[in-house]
Amino acid sequence: MRWRGHGRAESAEVHEHLAFLHAATVRIGADLELTQVVTALCETMVPRVADLAAAYLYEAVLTDGDLPALPGAPPDAVLRQVAVADDARLRDRTLVGKLAVSDLTGPFASSVSSGQLVMWPDPDHEREDVTCVLPSARPGSVLVAPLRAGEHMLGFAVLLRAPERTRFDEIDLLTAALMADQAALSVHKALLYQREARVADALQRSMLPKHPPRLPGVEIAYRYLPGNPAAQVGGDWFDAIPLPGSRVALVVGDVMGHGVHSAATMGQLRTAVRTLAALDPPPDQVLRHLDQLFEHTVGQYGEQYLATCVYCVYDPVARRCAIANAGHVPPVLVHADGRTELVPVPAGVPLGVGNVSFQTIEIAAPDGGLFALCTDGLVESREHDITEGLDALRESLAKGAETPDDLCENVLHALHTGEREDDVALLIARFDGIPSASVANWIMRPHAQAARHVRGLIATTLTGWGLEDHIDAASLLATELVTNAIRYTTRPITLRLLRTETLLCEVTDDDHHLPVLCEPSESDESGRGIYLVSRLSHRWGASQTAAGKAVWFELAL
Amino acid sequence: MTQNPDGRHSRADRQAAQAWAFDRIGEHYGEAFPHKDGQVAAGEWLIERLVPGSRVLDAGCGTGMPTARQLADAGHKVTGVDISHEMLRLARQDVPDAEFHHLDIADLDPTLGDFAAVVAFFSLLMLPRAEIPSVLEKIHRRLEPEGYFLLSMVEADLDDTPIHFLGSPVRVTGYIRGELEELVTAAGFELLDLRHLSYAPASTELEPEVQLFLFCRRDGRR
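Residues numbered from 1 in each chain as written. Chains lettered and ligands numbered in written order. Predicted model: local features only at pLDDT ≥ 70, side-chain atom pairs only at ≥ 80, totals over all residues.

Along its length, chain B carries seven helices and nine strands. Here chain B has a C-alpha radius of gyration of 16 Å; the compact-globule value for 222 residues is 17 Å, and the two agree. With the C-alpha coordinates aligned to their principal axes, the bounding extent of chain B is approximately 45 × 35 × 35 Å. Within chain B, the proportion of its 222 residues that are buried is 43%. Sequence-distant contacts in chain B: of pairs separated by 6 or more residues, those separated by 24 or more amount to 67%. (Helix = DSSP H or I, 4+ residues; strand = E, 2+ residues; numbered from the N terminus. Rg over C-alpha atoms; globule rule 2.2 N^0.38 Å. Buried ≥ 20, exposed ≤ 12 C-beta atoms within 10 Å, placed from the backbone. Contact = placed C-beta atoms within 7 Å.)

Below is the structure:
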């Protein structure tokens with residue numbers, strides 16, 4: 001192209017070129033994904049500017065590592081070819097796919113070290129070696145354009161012209177430089193964007209539970225899938241929290257908002273739910289406390305944050321479930337025979353609205369049934385409304401599976417199609433129940449005879465369960481717990497024995513002081529009991545409840 | 001509610017409070033305790049041993065379900081007593097072929113007549129420990145010689161202890177099984193069998209309990 005004159009024809013040519021630049025700029029800037037950006041760069045260059053265009057990016061760009069900075073990249077930095085476009089004239093050319101900075105020669109080496117555009121063969125320079133990138137037949141002319149964003153080196157683009165075509169001129173050089181800069185800025189932007197999405201995702205994942213707890217009478221599985229990084233949505237969470245009396249709290253929630261903030265808010269909420277759950281209030285009160293907490297502490301990012309949450313407590317001994325909802329997708333109850341129903345829990349309003357009451361309902365949770373809790377990301381999309389989504393979920397759940405984990409997999413496979421933008425949390429709990437014959441529970445006055453009663457009850461109960469070998473250990477440790485409990489309380493205490501794969505013994509009382517584990521000394525009478533429990537039991541623990549505390553130990557059977 | 005100087009409630013107050021609570025609990029009791037397998041099995045045990053048309057006293061009959069109904073269906077003449085008007089209303093409705101009296105089990109008197117068997121399922125737990133021996137004696141006196149006495153209690157170590165039961169405050173008493181054995185033996189009963197059963201109420205508000213069923217006979221000596 002030559003625009004020497006100022007005639008009408010030249011003017012039309014300028015217009016046409018500006019239109020091309022505009023279209024190319026728009027196209028290169030349209031995507032937020034690295035390879036898409038450089039592919040757009042290559043494709044806009046061919047055939048108008050070059051017969052072949054390829055882009056190389058540093059591995060650090062692709063792996064989110066430390067970007068090389070000007071001047072020069074370290075010799076061991078590796079470059080990968082990530083995009084190529086060619087026309088018929090140069091289709092048979094091969095390019096090196098991967099090479100280190102130290103391998104670069106000629107125009108590639110000088111472009112990478114200087115950060116400048118270099119043309120080969122340059123009329124003013126001798127011919128240099130280009131085989132490091134172009135090992136096969138010699139091309140007509142070569143142009144190497146660095147991809148840099150400020151001080152950051154991202155890679156380079158190489159443009160080739162077939163020998164029969166005229167060599168690159170100044171206009172081509174400027175066009176290539178402009179487009180390479182445009183692409184580099186877009187890559188850099190995509191990188192930052194990707195990085196933020198990755199931080200949000202990492203934060204989100206770091207705050208979600210890893211493996212479901214193994215608990216008697218219930219089998220739990222869950223999954224979390226992040227949303228589309230470009231859509232920047234997140235903040236879904238789930239939890240399964242063991243409660244005293246072999247019950248478990250099942251929680252799924254969704255913080256409205258996006259990115260790092262909603263992930264951080266989710267983390268705060270999850271911690272709050274765990275803390276509240278341990279105190280064991282009814283589900284509606286858990287939500288009420290959360291709502292207040294949300295108002296006072298969480299919603300302080302200068303934005304109006306809301307969250308939805310459904311909170312259920314499953315009692316495998318009573319075979320009942322107590323549920324309260326704060327504006328969340330209701331749980332689906334699946335009966336053992338495959339019938340499904342939406343649990344008719346009042347919808348409530350999201351947390352953060354403030355000054356509203358929630359309602360707890362209680363339903364039967366028969367053995368072999370299961371509960372599926374999910375977030376709207378699973379059942380709602382741009383194409384399908386929530387009613388269709390819930391129907392599809394129920395249909396998928398009704399098919400059943402060997403384990404809750406398999407069922408999670410099947411449901412996600414059926415419902416989580418590629419177009420979904422929102423993140424997804426899914427929790428499935430199968431009600432296995434605990435036969436009442438495997439539970440024994442007594443209320444006792446906190447007087448001196450309590451220890452004697454406990455030993456008698458443990459002996460008869462464990463004999464009935466065929467666990468005679470464990471009577472001595474269980475009696476000894478339970479006596480310690482009961483002795484500790486009656487030291488401080490004046491209200492009746494509760495002793496519970498539960499036989500599953502282990503023998504669980506739990507003592508609850510209405511005193512809030514948790515026992516502290518310490519090495520017993522000669523003079524220290526009180527620390528000895530818990531020390532003994534910690535040494536002789538398989539596991540032990542203590543938690544505060546709204547009414548007092550629960551201390552428990554397990555013996556392996 | 002007034003309290004005596006020793007902190008205990010007067011007997012009349014206690015009766016009134018317990019009756020009020022059970023009037024309130026009413027039908028919820030049946031919802032929280034839908035299966036009464038142990039009680040039904042105990043009723044069957046008794047029916048196997050009674051001649052048809054025997055007089056049976058259901059002491060603290062509640063709604064009459066399942067025991068008064070079960071015994072009446074087996075052809076026995078059932079008399080039920082309870083302190084809750086609401087429970088008795090339900091009992092008269094469901095078991096029209098039995099007779100019911102509004103009476104505290106602590107006030108069993110000779111006007112009721114003699115019985116071939118007395119059952120007291122989860123009713124003595126409403127009384128303070130101090131009153132239970134005398135109630136056992138009154139039951140003993142209402143029994144014909146060799147008459148059967150079936151007693152069920154929740155195993156616990158409590159004495160007129162206030163608890164919340166299905167949303168209502170009640171005071172309950174319980175014994176550990178050894179104590180209960182001693183108690184019935186001391187009252188002149190021969191203990192034929194003792195069964196225990198773990199029971200989980202159908203409510204997340206109630207804890208599972210161990211139910212004790214004592215199968216006794218009036219011994220001939222007293």
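From this point, the narrative continues.
Residue and element names in this part refer to chain B. Helix length check: helix 3 (residues 37-49), at 13 residues, gives a terminal C-alpha distance of 19 Å against a target of 18 Å (1.5 Å per residue), a fit within 8%. When we look at burial in helix 3, the residues that qualify are Gln39, Ala42, Gly43 and Leu46. Along the axis of helix 3, the buried positions cluster into a sector of 100 degrees, meaning they face one direction only. More than 90 degrees from the buried face of helix 3, the exposed residues found are Asp37, Glu44 and Glu48. Against the buried residues of helix 3 lie helix 4 (67-73), strand 4 (115-121), strand 5 (143-154) and strand 9 (209-218). (Expected span 1.5 Å × (residues − 1). Arc of directions from axis to C-beta.)

All names here are of chain A. A sheet is described by the order of its strands in space; here five strands give the open sequence 8-9-10-11-14, paired in antiparallel fashion. Every interior strand has two partners, whereas the edge strands, strand 8 (236-243) and strand 14 (361-364), have only one. With strand direction ignored, the average angle separating the axes of adjacent strands in the sheet is 20 degrees. Of the strands in this sheet, strand 8, strand 9 (247-256) and strand 10 (306-315) are in contact with helix 6 (residues 259-279), which crosses strand 8 at around 15 degrees. (Pairing = 2+ DSSP bridges. Axes fitted to C-alpha atoms, helices over the stretch in contact; angles between N-to-C directions.)

The next subject is the interface of chain B and chain A. Between chain B and chain A, the residue contacts involve 19 residues of the former and 23 residues of the latter. When contributions to the side of chain B that touches chain A are tallied by element, the ones reaching two or more residues are strand 6 (158-165), strand 8 (189-199) and strand 9 of chain B. Tallied by class, residues from the side of chain B that touches chain A come to nine nonpolar, five polar and five charged. (Nonpolar A, V, L, I, M, F, W, Y, C, P; charged D, E, K, R; others polar.)

Moving on: the packing of helix 5 (residues 170-206) of chain A against helix 6 of chain A. All names here are of chain A. One can describe the packing of helix 5 onto helix 6 by two numbers: an axis separation of 8 Å at closest approach and a directional angle of 10 degrees. Our classification of the angle between helix 5 and helix 6 gives roughly parallel. For the pair helix 5 and helix 6, the contacting residues are Glu196, Val199, Ala200, Leu203 and Gln204 in the first and Gly259, Val260, Ala263, Ala264 and Met266 in the second. Within the contact of helix 5 with helix 6, the residues separate by chemical class into seven nonpolar, two polar and one charged. (Parallel < 35°, antiparallel > 145°, perpendicular 65-115°, else oblique.)

What follows is about the nonpolar core. Residues Ala478(A), Val482(A) and Val118(B) are the most contacted members of the largest nonpolar core, which totals 94 residues. Sequence-distant contacts of Val118(B), that is, excluding residues within four places in its chain, are made with Leu57(B), Ala59(B), Ile139(B), Arg142(B), Leu143(B) and Phe149(B). Judged by nonpolar contacts, the second largest core, of 69 residues, contains Leu250(A), Val273(A), Cys309(A) and Ala425(A). (Core = buried A, V, L, I, M, F, W, Y, C linked by C-beta atoms within 7 Å.)

Take the pairing of strand 1 (residues 52-58) of chain A next. Sheet faces and side chains relate simply in a regular strand, where the side chains alternate between the two faces. Residues and elements named next belong to chain A. The buried fraction of strand 1 is high, at seven of seven residues. Of the strand pairs in this sheet, strand 1 and strand 6 (residues 152-161) are connected by six bridges, and their pairing is antiparallel. The residue of strand 6 that forms the bridge with Tyr56 is Phe156. Here strand 1 runs beside strand 2 (residues 78-86); their pairing, made up of seven bridges, is antiparallel. Each residue of the ladder has a partner; that of Ala54, found in strand 2, is Val84.

Each packed pair of helices is defined by two parameters, the angle between the axes and the distance between the axes. Residues and elements named next belong to chain A. Contact geometry for helix 9 (residues 386-398) and helix 10 (residues 404-415): axes closest at 9 Å, N-to-C directions at 140 degrees. Considered as vectors, helix 9 and helix 10 are oriented oblique to each other. Crossing angle aside, the handedness with which helix 9 passes helix 10 is right-handed. Facing Ala392, Leu393, Ser396 and Leu397 of helix 9, the residues of helix 10 in contact are Leu407, Asn410, Val411, Ala414 and Leu415. Of the residues belonging to the contact of helix 9 with helix 10, the class tally is seven nonpolar, two polar and no charged. (Left-handed = near helix turned anticlockwise from the far one by under 90°.)

Moving on: the sheet that holds strand 5 (residues 141-149) of chain A. All names here are of chain A. Read across the open sheet, the six strands follow the order 3-2-1-6-5-4; overall the sheet is antiparallel. Lying at the two open borders of the sheet, with one neighbouring strand each, are strand 3 (98-100) and strand 4 (118-120). Looking at each pair of strands side by side, their axes are set apart by 25 degrees on average, direction ignored. By the bridge criterion, three bridges tie strand 2 to strand 3 in an arrangement that is antiparallel. When the sheet's bridge partners are listed, Val78 is paired in strand 3 with Ala100. Each of strand 4, strand 5 and strand 6 touches helix 4 (residues 106-114); the most contacted strand, strand 5, lies at about 20 degrees to it. The strands that helix 5 touches are strand 4, strand 5 and strand 6; relative to strand 5, the one it contacts most, it runs at about 35 degrees.

Okay, the pairing of strand 11 (residues 320-326) of chain A next. Residues and elements named next belong to chain A. Most of strand 11 is tucked away, with seven of its seven residues classed as buried. With burial as the criterion, each face of strand 11 is covered, one bearing Arg320, Ala322, Ala324 and Ala326 and the other bearing Cys321, Ile323 and Asn325. Of the pairings in the sheet, the one linking strand 10 to strand 11 comprises seven bridges and is antiparallel in character. Bridging across to strand 11, Val313 finds its partner in Ala322. If you look at the hairpin formed by strand 10 and strand 11, you'll find four residues sitting between the two strands, and Arg319 has a positive phi there, around 55 degrees. Across four bridges, strand 11 lies against strand 14 in antiparallel orientation. Note that in strand 14 the partner of Cys321 across the bridge is Ile363.

Residues and elements named next belong to chain B. Of note, Leu194 is situated in strand 8. Placed 18 residues apart in sequence, Leu194 and Ile176 show a C-alpha to C-alpha distance of 12 Å. Once you skip the residues sitting within four places of it in the chain, Leu194 turns out to touch Arg177, Glu181, Leu212 and Leu214.

As a further point, take the confidence of the model for chain B. All names here are of chain B. Overall, the prediction assigns chain B a mean pLDDT of 89, with 94% of residues at 70 or greater. The low-confidence segment residues 1-8 (pLDDT under 50) makes nine contacts with residues lying over four places distant or belonging to another chain. Interface scoring of the predicted complex returns ipTM 0.89; its pTM is 0.72. (pLDDT = per-residue confidence, 0-100.)

This paragraph deals with the domain arrangement of chain A. Taken domain by domain, chain A holds domain 1 (8-197), domain 2 (207-431) and domain 3 (436-556). Between the C-alpha centres of domain 1 of chain A and domain 2 of chain A there is a distance of 49 Å. (Domains from an automatic or database assignment.)

What follows deals with the environment of Val118(A). All names here are of chain A. Residue placement: Val118 occurs in strand 4. The exposure class assigned to Val118 is buried, which follows from the 22 C-beta atoms found within 10 Å. Each C-alpha atom, one on Val118 and one on Ala145, is 6.7 Å from the other, the two residues being 27 residues apart in sequence. Not counting residues up to four positions away in its chain, the partners in contact with Val118 are Pro107, Ser110, Ser111 and Val144.

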